[in-house]
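One-letter residues, chain by chain:
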Amino acid sequence: MLLEMIVVLWVCLFSLLYFFPKRKRLNGCWNAKAVSRILVVVAHPDDECMFFGPALLKWLKSGFYVSLLCLSSGNYYHLGDVRKKELVDSCSELGIPATRVTIIEHRDLPDDPTVEWNKDVLSSLILKHIETNDINVVVTFDEGGVSAHTNHVALYRSLRSLHSAGKLPEGCCVLTLETINILRKYISFFDLPLSWLHSEEIFFALTLKEYIKVKNAMKCHKSQLLWFRHLYLLFSRYMFINTLHLMPREDGIVCCRENVS
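Burial along strand β6 (residues 202-205) is two-sided: I202 and F204 facing one way and F203 and A205 facing the other are all buried. Relative to strand β7 (residues 241-246), β6 is paired through four bridges, and the arrangement is antiparallel. When the bridges of β7 are listed, A205 appears paired with I241.

As structure tokens, then:
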């Protein structure tokens, strides 16, 4: 009975989304021709599916060129080599080939929540990757880092610095993943109505089939599948929903307004 009620609620929520589509979107030229190269910047292996899965899957299904830059091997428990392979396998499950996955290991960027990453080193590495690969759109965490992890927040601060200083290539946009409060974070797809109503810019929600694909990607991270991670897969809203925002410069200018939803 409970399962039937959940299925009915799921169908009702998605009917609301698809039959009464949200019109709050960034107008312009967010299409496969104008925005051809998207880079998702993460701190650790498993960030890509734990937090960015819905956006990644939707962009890939829409035919966008998507690549991933990971700024550590996740070596906190000395499993860096294992976790690098898990990341490549996870990305492959999502649809990102190994040739588009870059993992950086730098002594100033350890996988450690107690260490502040060197912003100059981090900014230099990210900017070099953006310029070398002709990236149009960069995606990362917002100032809350979703989980407030120091390394997540460091990525935001570095990209904020590059963006505000006008150092990114002309026309390159930065999208940040919205951090929500802990109550909404763990109510799974029941957050759909709130996310849909409150999202001002870019909104993604997965179908059940798509959620299973992201879940399978997370299962590639076998070294990380402790008991609480299984609960995360079931209850985290980020496994089903992503809301993102365009990062404006400090002078208030947004470098581009295009629609990737």
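That was the structure; now back to the text.
Counted residue by residue, strand β1 (residues 37-42) has five buried out of six residues, so it is predominantly covered. Pairing of β1 with strand β2 (residues 65-70) involves six bridges; the strand directions are parallel. Bridge assignment links I38 to a residue of β2, and that residue is V66. Pairing between β1 and strand β4 (residues 137-141): three bridges, direction parallel. The residue bridging I38 from the neighbouring strand is V137, located in β4.

Looking now at the environment of H78. Here H78 shows up in the loop between β2 and α4 (80-94). We classify H78 as exposed; its relative accessible area is 69%. Separated by 33 residues in sequence, H78 and D111 have C-alpha atoms that sit 9.9 Å apart.

Let us now look at a nonpolar patch on the surface. Taken together, the side chains of I182, L183, Y186, L226, W227, F228, L231, L234 and F235 make up a nonpolar region of the molecular surface, amounting to roughly 980 Å² of accessible area. When contributions to the nonpolar patch are tallied by element, the ones reaching two or more residues are α8 (182-185) and α11 (227-235). When residues of the nonpolar patch are assigned to their parent elements, the largest contribution, five residues, is made by α11.

To continue, consider the packing of aromatic side chains. Taken as a whole, this structure holds eleven aromatic pairs when the rule is applied. Note on F189 and F240: the rings are 5.7 Å apart at their centroids and 70° apart in plane angle, and the pair reads as edge-to-face. In this pair, F189 sits in the loop between α8 and α9 (192-198) while F240 sits in the loop between α11 and β7, placing the two residues 51 residues apart along the sequence. Given the relative accessible area of 8%, F189 is considered buried. Cluster of aromatic residues (ring-pair linked, three or more members): F51, F52, F141, Y186, Y232 and Y238. Directly above the ring of Y65 sits R37, whose terminal nitrogen or CZ lies 4.0 Å from the centroid.

Adjacent strands of a sheet pair through backbone hydrogen bonds, lying either parallel or antiparallel. Taken in spatial order, the seven strands line up as β3-β2-β1-β4-β5-β7-β6 in an open sheet, and their pairing is mixed. Lying at the two open borders of the sheet, with one neighbouring strand each, are β3 (101-103) and β6. Between one strand axis and the next, the sheet turns through 20° on average, direction left out of account. Its contacts with the sheet put helix α7 (residues 150-164) on β1, β4 and β5 (173-177), and the angle it makes with β4 is roughly 145°.

Here we come to the layout of surface pockets. Taken as a whole, the largest pocket encloses approximately 640 Å³ of empty space. Lining the largest pocket we find 25 residues, and of these D46, H149, Q224, F228 and R229 sit closest to its centre. Secondary structure elements with two or more residues in the lining of the largest pocket: α2 (47-50) and α11. Of the residues forming the lining of the largest pocket, the biggest block, five residues, is contributed by α11.

Cut-offs and rules
- Residues numbered from 1 in each chain as written.
- Predicted model: local features only at pLDDT ≥ 70, side-chain atom pairs only at ≥ 80, totals over all residues.
- Heavy atoms only, no water.
- Buried < 20%, exposed > 50% of the residue type's maximum accessible area, 1.4 Å probe, protein only.
- Helix = DSSP H or I, 4+ residues; strand = E, 2+ residues; numbered from the N terminus.
- Pairing = 2+ DSSP bridges.
- Patch = residues over 30% accessible without salt bridge, like charges linked within 9 Å, V, L, I, M, F, W, Y side chains within 5 Å.
- Areas by Shrake-Rupley, 256 points an atom, 1.4 Å probe, with all protein chains shown as cover.
- Salt bridge = Lys/Arg side-chain N within 4 Å of Asp/Glu carboxyl O.
- Phe/Tyr/Trp six-rings, centres within 6.5 Å; stacked < 30°, edge-to-face > 60°.
- Lys NZ or Arg CZ within 6 Å of the ring centre and 35° of its normal.
- Axes fitted to C-alpha atoms, helices over the stretch in contact; angles between N-to-C directions.
- Contact = heavy atoms within 4.5 Å.
- 1 Å grid on protein atoms, 1.4 Å probe; cavity = no way out; pocket = protein on both sides within 12 Å on 5 of 7 lines; lining within 4 Å.
- Points joined across faces, edges and corners; volume = space filled by probe spheres on them.

Note that every value here comes from positions in space, so none of it alone points to a role or purpose.
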